[in-house]
Amino acid sequence: DVSPAAIERARSLYPDCTFVVDDILNTRLDSPLTAPFDVVLDRGCFHLFDEADRSTFVRTVHRLLKPEGWLWLKCFSVEEPGGDDGPYRYSV
């Protein structure tokens, strides 16, 4: 997450998990996001990126995940009402 306050809150709720502040689109190889992770959780970020930034996100997540790691992605569906407004919507 890019928000230090959000990360501090997450750490207080789940002290046994690792949370780091970073920008997934601009992360550097020497950033805190260098170790392979079991899980990457995206709750409401990916669907806001421009098309060019989506591929950057996917490449970065692929680099950060362990070979059997999971990406948990919450995004909007094309089947939801109001598809003409708001963030980009995805289909299977």
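Values in this document were obtained by computation on a predicted structure and should not be read as measured data.

Chemist: Account for the environment of Tyr90, naming residues and giving values.
Modeler: You can see Tyr90 is positioned in strand β4 (residues 89–90). As a C-alpha pair, Tyr90 and Phe76 span 14 residues in sequence and 6.2 Å in three-dimensional space. Contacts of Tyr90, omitting those with residues within four sequence positions, involve Phe46, His47, Arg54, Cys75, Phe76, Ser77 and Val78.

Chemist: Let's hear about the packing of aromatic side chains: which residues, and what values?
Modeler: Considering all chains together, one arrives at three aromatic pairs under this definition. Ring geometry for Phe46 against Phe49: centres 6.4 Å apart, planes inclined by 90 degrees, an arrangement best described as edge-to-face. Comparing Phe46 with Phe49 shows no difference in burial state: the two are buried. Pairing Phe46 with Phe57 gives two aromatic rings, centres 4.9 Å apart and planes at 45 degrees, and the pair type is tilted. Here the residue Phe46 occupies a position in the loop between β1 (37–43) and α2 (51–64), and Phe57 occupies one in helix α2, the gap between them amounting to 11 residues. Residues Phe46 and Phe57 agree in their burial class; the two are buried. Each residue in the set Phe46, Phe49 and Phe57 is aromatic and connected to the rest through ring pairs, giving one cluster.

Chemist: A description of the pattern of salt bridges should follow, citing residues and the corresponding values.
Modeler: Opposite charge on two side chains lets them pair, provided their charged atoms get close. Under the defined criterion, the tally for this structure stands at two salt bridges. A salt bridge links Glu8 to Arg11; the shortest N-O distance between them is 2.8 Å. Separated by three residues within a single helix, Glu8 and Arg11 lie in helix α1 (residues 4–13), roughly one turn from each other. Given the relative accessible area of 45%, Glu8 is considered partly exposed. A residue is classified by how much of its surface remains accessible, and Arg11, at 35% relative accessible area, is partly exposed. For Lys66, the salt bridge goes to Asp38, with nearest N and O atoms at 2.9 Å. Taken together, the residues Lys66 in strand β2 (residues 65–74) and Asp38 in strand β1 connect sequence positions 28 residues apart.

Chemist: Just give me the short version of the nonpolar core, but keep the residues and values in it.
Modeler: Listed in full, the 10 residues of the largest apolar core are Ile24, Phe37, Val40, Phe46, Phe49, Phe57, Val61, Leu64, Leu65 and Tyr90. Listing elements by their share of this core, those giving two or more residues are β1 and α2. A per-element tally of this core places α2 first, with three residues. Excluding anything up to four places from it in sequence, Val40 contacts Val61, Leu65, Trp70, Leu71 and Trp72.

What counts as what
- Here the residue numbering is sequential within each chain, running from 1 through the sequence in written order.
- Predicted model: local features are reported for residues with pLDDT of at least 70 only, side-chain atom pairs are reported and counted for 80 or more only, and whole-chain, interface and lining totals are derived from all residues.
- Hydrogens are left out, water is left out, and the side-chain values use all remaining heavy atoms of the structure.
- Starting at the N terminus, helices and strands are each numbered in turn, a helix being any DSSP run of H or I of at least four residues and a strand any DSSP run of E of at least two.
- The contact rule is simple, with two residues in contact once any of their heavy atoms fall within 4.5 Å.
- What counts as a ring pair is set by centres within 6.5 Å for rings of Phe, Tyr and Trp (its six-membered ring), and what kind of pair is set by the plane angle: stacked under 30 degrees, edge-to-face over 60, tilted for all other angles.
- Only protein chains enter the accessibility calculation, which uses a 1.4 Å probe; a residue is then buried when its area is under 20% of its type maximum, exposed when over 50%, and partly exposed in between.
- By definition, a salt bridge exists where a carboxyl oxygen of Asp or Glu is found within 4 Å of a side-chain nitrogen of Lys or Arg.
- By convention a nonpolar core is built from buried Ala, Val, Leu, Ile, Met, Phe, Trp, Tyr and Cys residues, the set being connected through side-chain atoms within 4.5 Å.

In short, the description is geometric, and any link to function would need to be established separately.
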